[in-house]
Amino acid sequence: MAIASDINPYQGALKGDNAFAQITDNVSRIMEAPKPPRAWYIAMGFSLMLLAMFGASLGFVVWEGIGAWGHIHPVAWGFPIVNFVFWVGIGHAGTLISAILFLLRQNWRTAINRFAEAMTIFAVICAAIFPGVHIGRPWLPYWMTPIPNQMGMWPQFRSPLEWDIFAVGTYATVSILFWYMGMIPDFATFRDRSKTTVRRLVYGLLAMGWRGSSRQWHRYERAYLLLAALATPLVLSVHSVVSFDFATSQLPGWHTTIFPPYFVAGAIFGGFAMVVVLAVPSRQFFGLKRIITMRHLELMSKIILATGMLVGYAYGMEMFIAWYSGAIYEQFAFVNRAFGNYGWAYWTMIFCNVLAPQVFWSKKMRTNVWVIFFVGVLVNVGMWFERFVIICTSLARDFLPANWGYFVPSVVDYATLAGSFGLFFTLFLLFCRYIPMVAMAEMKAFIPEGHAHDH
Amino acid sequence: MSDTQAIQAEAGPAPLHGLLAEYDNPTALVRAAKKVRDAGYAHWDTFTPFPIHGIERAMGIRMTRLPWLVFVAALIGLANGVLLQFLTNAWDYKWLVSGKPFWSWPANVPIAFEMTILYSAFAALGGMLIFNNLPLPAHPLDLKERFARVTDDRFFLLIEARDGKFDEVDTRRLLESTEPLLLDEVLEDRVTSDKIPRALIYTLIVAGAASLVPFAAFTAARARHSEKPRIHAIWDMDFQPKFKAQRANPLFDDNRAMRKPVAGTVATGALRDDDHMYRGRVGDAWATTYPAGVQVTEETLRVGRDKYNVFCAPCHGFAGEGDGMVHKRAETLGQGWVPPSNLHQEYLRLQPVGELFNSITNGVRNMPAYGPQIEPDDRWAIVMYVRALQRSRASGLGDLSEAERSGLK
């Protein structure tokens, strides 16, 4: 990483004679530099390649039908639903950091909330694509919305899949509103620093004429608090609703009451892991080490450790309840999960989600960016496997042995999974370059210089 | 900025908008704000790069009504969520799910909850913008080049000239006493009029007109007649490269898409070459015994009774006397009717079982054929039951055992 510093325009001293101006400069120069660092171009090229693969594989699935994926009877919910739950889960850390940590007055969140929120929105975009294509006729998803139609039919509102539409749709909308509202003052900063007409116009439109009036700040802060208070139950509800897709079914391995809290804990766990995976290179390449400090990474590592233990507890509790229930199908589902033909996936999940984060008990480890980054990657792998294990092993071997099968993904499955990362990283890289990556106004309010000492 | 100021200067002196004081730290601004508040000004404001905590009190800003707006929006969202589900699933299009009531509210909680949050979130952002009078494209302060730093590191205080207490000398003196970095006059903006730029108007007109083109094309297509088939945008599986049974197929000599089976083809289980079982005949005569596959047991008789009561009793009556419901109704109507046979007639009692079987299978006189509706072994069971019925009316003392006969005496 040290090689990057001599060609990186973002590593020099900060302009400005006071702390406020330095924060502004630190964040704004990412957008203002004529060229981003070479790492950005390399990452962007790689992401665009993956994105092209995503487009091609989805186009192929739409043209050819979902038989192009490896779905077989009885595993009808293969990769697309695994990927959907994975991405929706990633999308939870953003709002958690923004809303819950805000309500808990954890001021350290200010350094990372903006790009965690961006990550949320991009992850939800990736997530929404999968069920949209998985329905088989991607031109008909509007059938799931209550639009009056010539058939005189309405959606079935008691179905958890219908709840999903509303939960994920509301979550995406509210996340975008929350994200955008937080950016209004920072867009104003960009507008006021822009030199070209196009930038002035675009950032000016986005800033909506924000001029920092205290009377406006007063309502703005109240609105932000309200949005945080609204987003907190929302974020908890969304993954609970996603877990209802499974928990309200009759399938052993899915039909468990622990799912809503277990899914929410897993989502926070996976989301934070994705935040550190993005934060470690971003702070390096965009020169944000003064803003996203080692303290932030360490705090996030602690959250990963804590939520990882929660998830580990849920794995143990599932096993215990399966035994305690006395239901043979339930017991078989869980024994099969760990020791059946998908055992390799189960133990990958246990290693990545339960064992890997344990290194964070050591302070030395949680202050080493390489370890943090690597564990973050492992946790993401583990969380993907968790969804794979839940969905595929439960479906593959249900009640009747005559009905058993084994799911083997096709090339198109792998291409859509890898391609979704292309979409995610492309959006994220564009965000880094053109949108205020750190909430400047909030940062300024929390530094000591930002307090008035007269009251 | 300086260009616009030059234009403004040419246009003649603009009226004063207000007095602007600049500070470089929040403490100085809060001190100044308290002074201005205490002096009793109403039309004034401070401008800061970030929210300064405690400045509301220093400026005397009252708590916003935004939470009430959000609360009302939440209630509307909740009502909308509940009504949407009730009206669609429990009223307009009733979904019967696993025999549950049409309105079982716990299943409707998630969507009602999401709608509540959705409406409130829009109200929070929208209400903030509306109460804040945003978006606001132009403001006299934009003419001040230094004011651009309000979003960076500077703090400003503006007292507007329209304030009743505003006096150029007194107000200036008040602001000077707060020791600002800089004190400046802000003139009304005569250049950046609130007119929309002409380029933008033209763009909007062109874009608006262009956006109507697809709709115009659709409308035209609906109104016009065309010889060509409709555009089938999404094919689903509507057109498949296959031949349907009754269509022509030039690949075959007879031009039929449907292939006929080879002559003499018999479907599995349809050969039925046992004359006794399927036609009731042994050699050239009617069979007088039951075929080998039919067991003469009480169980068969019971099956025969059930089938008889379903298929035969409507005309022949439950006891076989030719007085079934259909017969009685026909007699009442009196429109001419060949009565069904009384099964207890002598000639029927003496008929071989094979002939009875044949009558059921192919019908006789007015009676239609029941072969297509009743399986052969069930038909034999019916024959057996008919025989039992006949016996019940034609038995004599000779049919009883010695002990029973003596019991009767």
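What you are looking at is a predicted structure, and each value in this text was computed from that prediction instead of being measured.

Caption draft 1: Main features of the pairing of strand E2 (residues 44–47) of chain B. Residues and elements named next belong to chain B. Judged by which residues are buried, E2 turns out to be covered on both faces: Trp44 and Thr46 on one side and Asp45 and Phe47 on the other are all buried. As paired elements, E2 and strand E3 (residues 155–160) share four bridges and run antiparallel to each other. From the neighbouring strand, Trp44 faces E3, where its bridge partner is Ile159.

Caption draft 2: How the structure looks around the sheet that holds E3 of chain B. All names here are of chain B. Strand order in the open sheet formed by four strands is E2-E3-E1-E4, with antiparallel pairing between adjacent strands. Looking at the sheet topology across the chains shown, the edges are occupied by E2 and strand E4 (182–187). Pairwise comparison of adjacent strand axes, ignoring direction, gives a mean angle of 20° for this sheet. Where strand E1 (residues 16–23) and E3 come together, six bridges link them in antiparallel fashion. Looking at the pairing, Tyr23 lines up with Phe155 of E3. Here helix H2 (residues 26–38) sits on the sheet in contact with E1, E2 and E3, set at roughly 15° to E3.

Caption draft 3: Fine view of the environment of Asn89 of chain B. If you trace the backbone, Asn89 of chain B turns up in helix H4 (residues 66–92). A relative accessible area of 2% places Asn89 of chain B in the buried class. Taking the C-alpha atoms as reference, Asn89 of chain B lies 41 Å from Asn133 of chain B; in sequence the two are 44 residues apart. Ignoring any residue separated from it by four or fewer positions in sequence, one finds Asn89 of chain B in contact with Trp154, Pro155, Gln156, Phe157 and Arg158 of chain A together with Lys94, Trp95 and Phe102 of chain B. At 2.8 Å, the side chain of Asn89 of chain B forms a polar contact with the backbone oxygen of Pro155 of chain A.

Caption draft 4: Local environment of the nonpolar core. If you look at the biggest cluster of nonpolar residues, it comprises 181 residues, and the most contacted ones within it are Trp87, Phe115 and Phe388 of chain A. When near neighbours in sequence (up to four residues on either side) are disregarded, Phe115 of chain A contacts Val275, Leu278, Ala279, Ile292, Phe428, Phe431 and Met437 of chain A. Counting residues in hydrophobic clusters, the runner-up holds 20 residues, among them Met277, Leu348, Phe357 and Tyr370 of chain B.

Caption draft 5: View of the packing of aromatic side chains. Enumeration over the complete set of coordinates arrives at 64 aromatic pairs over all chains. With 6.3 Å between their ring centres and 75° between their planes, Phe311 of chain B and Tyr370 of chain B make a pair best called edge-to-face. With Phe311 of chain B in helix H9 (residues 298–316) and Tyr370 of chain B in the loop between helix H12 (353–362) and helix H13 (376–393), the pair connects residues that are 59 residues apart, well separated along the chain. Following the ring pairs from residue to residue traces out a cluster consisting of Phe79, Tyr342, Trp344, Trp384, Phe385, Phe388, Tyr406, Phe407 and Tyr414 of chain A. Positioned over the ring face of Trp44 of chain B is Arg215 of chain A, at 5.8 Å from the centre of the ring. Over the aromatic face of Phe252 of chain B sits the side chain of Arg259 of chain B, whose NZ or CZ is 3.6 Å from the ring centroid.

Caption draft 6: Focus on the layout of surface pockets. Residues and elements named next belong to chain A. Counted as a void, the second largest pocket has a volume near 850 Å³. Surrounding the second largest pocket, 32 residues form its lining, Ile135, Pro141, Met144, Leu161 and Ile165 being those nearest its centre. Looking at the lining of the second largest pocket, the elements with two or more residues in it are helix H3 (79–90), helix H5 (113–134) and helix H6 (160–193). For the lining of the second largest pocket, the leading source of residues is H6, giving six residues. For the lining of the second largest pocket, the residue count by class is 22 nonpolar, six polar and four charged.

Caption draft 7: Representation of the interface of chain B and chain A in the model. Between chain B and chain A, the residue contacts involve 75 residues of the former and 64 residues of the latter. With both chains or domains summed, chain B and chain A bury close to 6300 Å², and 64% of this area falls on carbon and sulfur atoms. Its largest share of buried area at the contact with chain A, chain B owes to Phe50, Glu114 and Thr151 of chain B, together 10% of the area lost on that side. Applying the counting rule to chain B against chain A returns three salt bridges. When the shortest N-O distance is used, the salt bridge between Arg211 of chain A and Asp142 of chain B registers 2.8 Å. Here chain B and chain A share 32 residue pairs in polar contact (both at pLDDT 80 or more) between them. Elements with a contribution of two residues or more to the side of chain B that touches chain A: H2, E2, helix H3 (55–59), H4 and helix H5 (109–131) of chain B. Of the residues forming the side of chain B that touches chain A, the biggest block, 15 residues, is contributed by H5 of chain B. Considering only residue class, the side of chain B that touches chain A consists of 46 nonpolar, 15 polar and 14 charged.

Conventions used here
- Residues numbered from 1 in each chain as written.
- Chains lettered and ligands numbered in written order.
- Predicted model: local features only at pLDDT ≥ 70, side-chain atom pairs only at ≥ 80, totals over all residues.
- Heavy atoms only, no water.
- Buried < 20%, exposed > 50% of the residue type's maximum accessible area, 1.4 Å probe, protein only.
- Helix = DSSP H or I, 4+ residues; strand = E, 2+ residues; numbered from the N terminus.
- Pairing = 2+ DSSP bridges.
- Axes fitted to C-alpha atoms, helices over the stretch in contact; angles between N-to-C directions.
- Contact = heavy atoms within 4.5 Å.
- Polar contact = N/O pair within 3.5 Å; in protein donor to acceptor, adjacent residues only side chain to side chain.
- Core = buried A, V, L, I, M, F, W, Y, C linked by side-chain atoms within 4.5 Å.
- Phe/Tyr/Trp six-rings, centres within 6.5 Å; stacked < 30°, edge-to-face > 60°.
- Lys NZ or Arg CZ within 6 Å of the ring centre and 35° of its normal.
- 1 Å grid on protein atoms, 1.4 Å probe; cavity = no way out; pocket = protein on both sides within 12 Å on 5 of 7 lines; lining within 4 Å.
- Points joined across faces, edges and corners; volume = space filled by probe spheres on them.
- Nonpolar A, V, L, I, M, F, W, Y, C, P; charged D, E, K, R; others polar.
- Buried area = accessible area lost by both parts, 1.4 Å probe.
- Salt bridge = Lys/Arg side-chain N within 4 Å of Asp/Glu carboxyl O.

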